[in-house]
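Structural description and commentary
Chain by chain, the residues:
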Amino acid sequence: MKRVSQYITNMFLRALIGVALALPYAARVRTMGWLVENIVSPLAGYPKRIRANLAHVLPDLDKAEVARLCKAVPNNAGRTLIELYSGKDFVERAIQAPITGPGYEALETARAEGRPVILVTGHFGNYDVSRAALIAKGHNMGALYRRMSNPYFNEHYVKSISTIGTPMFEQGRKGMTQMVRHIKSGGVLGILTDLHAHGGARLSYFGKPAITSLVTAELALKFNAALIPVYAIRQENGLDFKIVVQAEIPHSDAETMTQAVNEGLEELVRENMHQWFWIHRRWKNT
């Protein structure tokens, strides 16, 4: 039954994506945001999960703001999804994003020195904007990704994000081997680390315990790579972005470095609450 459910879900999402892709880019992004906000989100129970996460970490948040986020968060998720399927149209938009923040100089310095870089990011704004923009600027940018639980959706999703740029490394033994080779060659690696991670460390996020992967900091320490957080903030028109490269995380120990990443992301999310994926079960089993 699970496979049947996954197949039906995939067909439904593919139909929505197909409808959206038939539209001009701006209309496509706005339409997919609306569809996920008003159709997919209620059917999938996203508002309930968003409310639960907000009640857990921000119990005093105004009810009107909670209601707004229950609509705005899925809207951003829908926009992000169709952007990742938009290939050249999305890349052309992404490479126009201005890049700011103290970490950008550190990134360029590392490239000049041939030093590897671990770019840590999260499910905020659109996480692939930075990858597209940096590839366009000549950075040897690879990305580690986690296979989706729905195998039917995963197949075409990975093909779509690969059009933004390669190499892509699937989480697992083979992917890790390829990823290590990439890092050793002085490459740049992008990893999302704001999901619940089995076997991770019990760190803090929004003042609550959150099981967090230490892999980015561990890789940085092992290969003397610069650990730099980077995020793309969606702008008011809903189509454009600004890339913020936060200050390089000083090398110390993996938990201290990763906690600093959590705090940097939290600060950005508090300023742009609707742009983080509150849909995720971030504080699971804590």
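Right, let's walk through the structure included here. Since we're looking at a predicted model, the values are computed, not measured.

**Re the overall build of the protein chain**
- Looking only at helices and strands, the protein chain features 11 helices and 9 strands.
- For 286 residues, the compact-globule estimate of 2.2 N^0.38 gives 19 Å, and the protein chain sits close to it at 18 Å.
- Expressed along its principal axes, the backbone C-alpha trace of the protein chain runs to roughly 50 × 40 × 40 Å.
- In the protein chain, which comprises 286 residues, the proportion classed as buried is 52%.
- Surface exposure of the protein chain reaches about 13,200 Å², of which carbon and sulfur atoms provide 54%.
- If you average the places of the 34 positive and of the 24 negative side-chain charges in the protein chain, the two averages end up 10 Å apart.

**Quick notes on helix α11 (residues 254-271)**
- With 18 residues, α11 ought to run about 26 Å at 1.5 Å a step, and its terminal C-alpha atoms sit 26 Å apart, in line with that.
- For α11, the complete set of buried residues consists of Ala254, Met257, Thr258, Gln259, Val261, Asn262, Gly264, Leu265, Glu266, Leu268 and Val269.
- Looking at the packing, one finds that the buried side of α11 touches β2 (117-121), β6 (201-205), β7 (208-212), α10 (215-223) and β8 (226-234).
- The opening residue of α11 is Asp253, an N-cap whose side-chain oxygen sits 3.2 Å from the backbone nitrogen of Glu255.

**As for the packing of helix α5 (residues 87-94) against helix α7 (residues 129-136)**
- Contact geometry for α5 and α7: axes closest at 8 Å, N-to-C directions at 75°. Compared by their axis directions, α5 and α7 come out roughly perpendicular. Contact residues: Phe90, Val91 and Ala94 in α5; Val129, Ala132 and Ala133 in α7.
- Residue classes in the contact of α5 with α7 are distributed as 6 nonpolar, no polar and no charged.

**Let's talk about a nonpolar patch on the surface**
- Among the surface-exposed residues, Val4, Tyr7, Ile8 and Met11 lie close enough to one another that they form a single nonpolar patch of about 390 Å² accessible area.
- Mapped onto the fold, Tyr7 is located in helix α1 (residues 2-21).

**Let's talk about the pattern of salt bridges**
- Within this structure, the stated rule accounts for 10 salt bridges.
- Between Glu92 and Lys88 there is a salt bridge, and its shortest N-O distance comes to 4.0 Å. In this pair, Glu92 and Lys88 are both assigned in helix α5, 4 residues apart and thus about one turn of the helix distant.
- Where Arg270 meets Glu266, a salt bridge forms, and the shortest distance between an N and an O atom there is 2.9 Å. Of the two residues, Arg270 and Glu266 both sit in helix α11, 4 residues apart, roughly one turn of that helix.

**Observations regarding the nonpolar core**
- In terms of nonpolar packing, the biggest core is built from 92 residues, with Met32, Ile118, Leu189, Leu227, Val269 and Trp278 touching the most fellow members.
- Of the residues forming this core, the biggest block, 8 residues, is contributed by helix α4 (residues 63-84).

**Observations regarding the packing of aromatic side chains**
- The full count for this structure, using the stated rule, is 8 aromatic pairs.
- The interplanar angle of 85° and the centroid separation of 5.0 Å between the aromatic rings of Tyr205 and Phe206 together place this pair among those described as edge-to-face. Side by side, Tyr205 and Phe206 carry an identical accessibility label, which is buried.
- Taking the centre distance of 5.9 Å and the plane angle of 75° together, the rings of Trp276 and Trp283 count as edge-to-face.
- Residue class for Trp283 comes out buried when judged on its relative accessible area of 8%.
- Feature note: the residues Tyr205, Phe206, Trp276, Trp278 and Trp283 constitute an aromatic cluster, connected by ring pairs.

**Considering the pairing of β7**
- Relative to β7, β6 runs antiparallel, the two sharing 5 bridges. When the bridges of β7 are listed, Ala201 appears paired with Thr212.
- Between the end of β6 and the start of β7, which pair antiparallel, lie 2 residues, with Phe206 showing a positive phi angle near 55°.

**Quick word on the sheet that holds β8**
- A sheet is described by the order of its strands in space; here 7 strands give the open sequence β1-β9-β8-β2-β5-β3-β4, paired in mixed fashion. Each having just a single partner strand, β1 (99-100) and β4 (168-170) make up the two edges of the open sheet.
- Bridge count for β2 against β8 is 4 bridges, and the pairing is parallel. Bridging from a neighbouring strand, Leu119 pairs with Ile228 of β8.
- Along the sheet, α11 contacts β2 and β8; its crossing angle with β8, the most-contacted strand, is approximately 15°.

**Details of the packing of helix α2 (residues 25-44) against α4**
- Viewed as axis vectors pointing N to C, α2 and α4 meet at an angle of 135°, and their least axial separation amounts to 7 Å. When the interaxial angle is binned, α2 and α4 end up oblique. Where α2 crosses over α4, the handedness of that crossing is right-handed. Contacts from Tyr25, Arg28, Val29, Arg30, Met32, Gly33, Trp34, Val36, Glu37, Asn38 and Ser41 in α2 reach Cys70, Lys71, Pro74, Asn75, Gly78, Arg79, Leu81, Ile82 and Glu83 in α4.
- Looking at the contact of α2 with α4 residue by residue, the class counts come to 9 nonpolar, 5 polar and 6 charged.

Analysis parameters
Residues numbered from 1 in each chain as written. Predicted model: local features only at pLDDT ≥ 70, side-chain atom pairs only at ≥ 80, totals over all residues. Heavy atoms only, no water. Helix = DSSP H or I, 4+ residues; strand = E, 2+ residues; numbered from the N terminus. Rg over C-alpha atoms; globule rule 2.2 N^0.38 Å. Buried < 20%, exposed > 50% of the residue type's maximum accessible area, 1.4 Å probe, protein only. Areas by Shrake-Rupley, 256 points an atom, 1.4 Å probe, with all protein chains shown as cover. Lys, Arg positive; Asp, Glu negative; His and termini not counted. Charge placed at Lys NZ, Arg CZ, Asp CG, Glu CD. Expected span 1.5 Å × (residues − 1). Contact = heavy atoms within 4.5 Å. Polar contact = N/O pair within 3.5 Å; in protein donor to acceptor, adjacent residues only side chain to side chain. Axes fitted to C-alpha atoms, helices over the stretch in contact; angles between N-to-C directions. Parallel < 35°, antiparallel > 145°, perpendicular 65-115°, else oblique. Nonpolar A, V, L, I, M, F, W, Y, C, P; charged D, E, K, R; others polar. Patch = residues over 30% accessible without salt bridge, like charges linked within 9 Å, V, L, I, M, F, W, Y side chains within 5 Å. Salt bridge = Lys/Arg side-chain N within 4 Å of Asp/Glu carboxyl O. Core = buried A, V, L, I, M, F, W, Y, C linked by side-chain atoms within 4.5 Å. Phe/Tyr/Trp six-rings, centres within 6.5 Å; stacked < 30°, edge-to-face > 60°. Pairing = 2+ DSSP bridges. Left-handed = near helix turned anticlockwise from the far one by under 90°.

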